[in-house]
Amino acid sequence: MDVDDFAHKARHAVPFWIVAVLLVLVQVGFGGYPALVKRFAQHAYANAVYFSFVRDAACFPLLIVGARVFEGPLVFPRSIGDLVFFMALGLTGMFGGQLSYILGIYFASPDVASIYQPAMPVWATALVLVTGTEPLPPLNAWRGWFKLSGIGLAAGGAVLMALSKQGKTQMQNPLLGNMCALANTILFAIYLALQKRYLFLPRAKLAFWRDLPVHVTAWSYGFGAFFMILCGLLGFEFNVAFLGFGVGGECAVPADCNVGNNDTSAWRNFCDGTTCRMKTDSLTIPSESVGPLVYAVFVTSAINYGLISFANRHASTSTITAFWPLQVLVAVVISYLVFGDTITYMQIGGAVMIAAGLGLVVVSNWLEERLHHAYALLVNE
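Residues numbered from 1 in each chain as written. Predicted model: local features only at pLDDT ≥ 70, side-chain atom pairs only at ≥ 80, totals over all residues. Heavy atoms only, no water.

Colleague: If you had to explain the overall build of the protein to someone new, which residues and values would you point to?
Modeller: Secondary structure summary: the protein contains 15 helices and 3 strands in total. Across the 381 residues in the protein, those meeting the buried criterion constitute 51%. Counted over contacts in the protein with a minimum sequence separation of 6, partners at least 24 positions apart contribute 84%. Roughly 16600 Å² of accessible area belongs to the protein as shown, and the carbon and sulfur atoms make up 70% of that amount. (Helix = DSSP H or I, 4+ residues; strand = E, 2+ residues; numbered from the N terminus. Buried < 20%, exposed > 50% of the residue type's maximum accessible area, 1.4 Å probe, protein only. Contact = heavy atoms within 4.5 Å. Areas by Shrake-Rupley, 256 points an atom, 1.4 Å probe, with all protein chains shown as cover.)

This is the structure in structure tokens:
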């Protein structure tokens, strides 16, 4: 990064403490989502694809209104390049990321979905370093060591906390659940890296959208909703079992469909008189799932994704994802306060590691802010 880049960052910077507070709020919002989905969406047999589509479709107009209110006149994609870019963001961050996450919860458990979240800063940091989007943290300066150590410490603490919760929940398909949870972290890391490289760098190709983070999030959600309903319609039409659609064989009485299945399974446990059908084989939202859906639309989608785009504008992608392990801590606290789960010594140790890691990241960014301002003063002299 040259002197001009440092000066650009200094002139357009928001104090990092503001970004840090917003990122903490984002993780608080994300932390309650898995338990809500498991308890009120999956147990009500809401189809994961259709649930995700309604989430994205309802969020899109909400973000459009937000873009108009906070960023002035509505701006539409101006070129094929803009459309392709927003399509890529919608495909990775909204369609792929969100669907793989909820499928991870359905097939495995909220705990499994949580245990992979500490991998987010690893994938994101690797992507931005390999693609040259961010420079390697300077290992000849304290700020570089603070940042790398903080990311590692926070991720390790989150893994420790998540491991302490394993084995408490019966899983439907652990292998598929783990694969989906892992896919979620990779896809969302790609989403953030794409945003940073093509929008928020000083010489980004699509820099026109740099100061319109709500617009960026809105158009991304529009494409995410399109891919989601396309996936849902195809899954429903062709009985794709992986997506919760289809039939599972012949039956004469409902008991035939429950053989080898427990009450929480979404698989062959509904008899329509002739065939076993999945209880999730429906393009409707059960009334019990409305609460989690409203939470998903307003909190985990509109507010959280908008704040993430804003944060990605004003901080490095590796720094933003360093806050992801906090999501595991929030989930543990919510489980304790709402569901009465006990807190173990492993979880306390993990919480201390997360707090210490984020502290190191904050100090690293404070030192970097000072450096940016120093370069800006040098340029202005």
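Colleague: Tell me about unusual backbone geometry, and please be specific about residues and values.
Modeller: Notably, Y45 is not glycine yet its phi reads approximately 60°, a positive angle. Structurally, Y45 is set in the loop between α3 (33–42) and α4 (48–71). The phi dihedral of N239 falls on the positive side, at around 55°, and the residue is not glycine.

Colleague: Any details on the environment of S282? Residues and values, ideally.
Modeller: Tracing the sequence through the fold places S282 in the loop between β3 (275–277) and α12 (290–314). Look at S282 and you get partly exposed, because its relative accessible area is 23%. In this view, S282 contacts N47 and F245; residues no more than four positions away in its chain are not counted. A polar side-chain atom of S282 sits 2.7 Å from a polar atom in the side chain of T284. (Polar contact = N/O pair within 3.5 Å; in protein donor to acceptor, adjacent residues only side chain to side chain.)

Colleague: Give a description of the packing of aromatic side chains that names residues and reports values.
Modeller: In this structure the tally under the stated criterion is 19 aromatic pairs. Taken together, a centroid distance of 6.3 Å and an interplanar angle of 90° make the contact between F30 and Y305 edge-to-face. With F30 in helix α2 (residues 16–31) and Y305 in helix α12, the pair connects residues that are 275 residues apart, well separated along the chain. Summarising the aromatic geometry, the rings of Y221 and Y305 are spaced 5.3 Å apart at their centres and angled 80° between planes, so their arrangement reads as edge-to-face. Within this pair, whereas Y221 is found in helix α10 (residues 213–237), its partner Y305 is found in helix α12, the two being separated by 84 residues in sequence. For Y221, a relative accessible area of 0% gives the class buried. A cation over a ring is seen here: R55 above Y33, with NZ or CZ 5.1 Å from the ring centre. In this arrangement the basic side chain of R78 is found over the ring face of F208, its NZ or CZ atom lying 3.6 Å from the centre. (Phe/Tyr/Trp six-rings, centres within 6.5 Å; stacked < 30°, edge-to-face > 60°. Lys NZ or Arg CZ within 6 Å of the ring centre and 35° of its normal.)

Colleague: Pulling in residues and values, what's your account of the pattern of salt bridges?
Modeller: Under the criterion given, the structure shown has 1 salt bridge. The partner of D211 in a salt bridge is R313, with the nearest N and O atoms 3.0 Å apart. A residue pair is termed long-range when its members are at least 10 positions apart, and D211 in the loop between α9 (174–200) and α10 and R313 in helix α12 qualify at 102 residues. (Salt bridge = Lys/Arg side-chain N within 4 Å of Asp/Glu carboxyl O.)

Colleague: Outline a nonpolar patch on the surface, listing residues and values.
Modeller: A contiguous nonpolar patch, built from V333, Y336, L337, I343, Y345, I348 and V352 and spanning about 770 Å² of accessible area, is present on the exposed surface. Of all the elements in the fold, those that place two or more residues in the nonpolar patch are α14 (326–339) and α15 (345–380). Within the secondary structure, Y336 sits in helix α14. (Patch = residues over 30% accessible without salt bridge, like charges linked within 9 Å, V, L, I, M, F, W, Y side chains within 5 Å.)

Colleague: Pulling in residues and values, what's your account of the nonpolar core?
Modeller: Counting residues in each nonpolar core, the largest one holds 80 residues, and the members touching the most others are F86, L99, I102, F188 and W209. Here the element with the most residues in this core is helix α5 (residues 80–107); it accounts for 12 residues. Apart from the residues lying within four places of it in its own chain, the contact partners of I102 are Y33, V37, A48, F51 and S52. (Core = buried A, V, L, I, M, F, W, Y, C linked by side-chain atoms within 4.5 Å.)

Colleague: Can you break down the packing of α5 against α9 residue by residue, with the values?
Modeller: Where α5 contacts α9, the axes come no closer than 7 Å and their chain directions differ by 155°. It follows from the interaxial angle that α5 and α9 lie roughly antiparallel. The chirality of how α5 crosses α9 is left-handed. (Axes fitted to C-alpha atoms, helices over the stretch in contact; angles between N-to-C directions. Parallel < 35°, antiparallel > 145°, perpendicular 65-115°, else oblique. Left-handed = near helix turned anticlockwise from the far one by under 90°.)

Colleague: If you had to explain the confidence of the model for the protein to someone new, which residues and values would you point to?
Modeller: When the pLDDT values of the protein are averaged, the result is 81; 82% of them are 70 or greater. Note that residues 1–8 has pLDDT below 50 and, in this model, 15 contacts with residues that lie over four places away or in other chains. Low pLDDT (under 50) marks residues 259–268, which in the prediction has 25 contacts with non-local residues, meaning those over four places away or in another chain. (pLDDT = per-residue confidence, 0-100.)

Colleague: How would you explain α2 if you had to name every residue and give the values?
Modeller: Its 16 residues place the ends of α2 22 Å apart at the C-alpha level, agreeing with the 22 Å of an ideal helix rising 1.5 Å per residue. Of the residues making up α2, those classed as buried are F16, V19, A20, L22, L23, V26, Q27, G29, F30 and G31. (Expected span 1.5 Å × (residues − 1).)

Colleague: Break down the side chain of S309 for me, with residues and values.
Modeller: Residue position: S309 is located in helix α12. Residue class for S309 comes out buried when judged on its relative accessible area of 0%. When near neighbours in sequence (up to four residues on either side) are disregarded, S309 contacts Y191, Q195, F200, P213 and T217.

Colleague: Kindly report on the environment of A351, identifying the contributing residues and their values.
Modeller: You can see A351 is positioned in helix α15. Along the primary structure A351 and M161 are separated by 190 residues, whereas in three dimensions their C-alpha atoms are 7.3 Å apart.

Colleague: Give a description of the packing of α4 against α10 that names residues and reports values.
Modeller: How two helices pack is summed up by the angle between their axes together with the distance between the axes. Running from N to C, α4 and α10 cross one another at 160°; their axes reach a closest spacing of 8 Å. Our classification of the angle between α4 and α10 gives roughly antiparallel. Considering how the two elements wind past one another, α4 and α10 form a crossing that is left-handed. Across the contact of α4 with α10, the residue classes break down as 17 nonpolar, 7 polar and 3 charged. (Nonpolar A, V, L, I, M, F, W, Y, C, P; charged D, E, K, R; others polar.)

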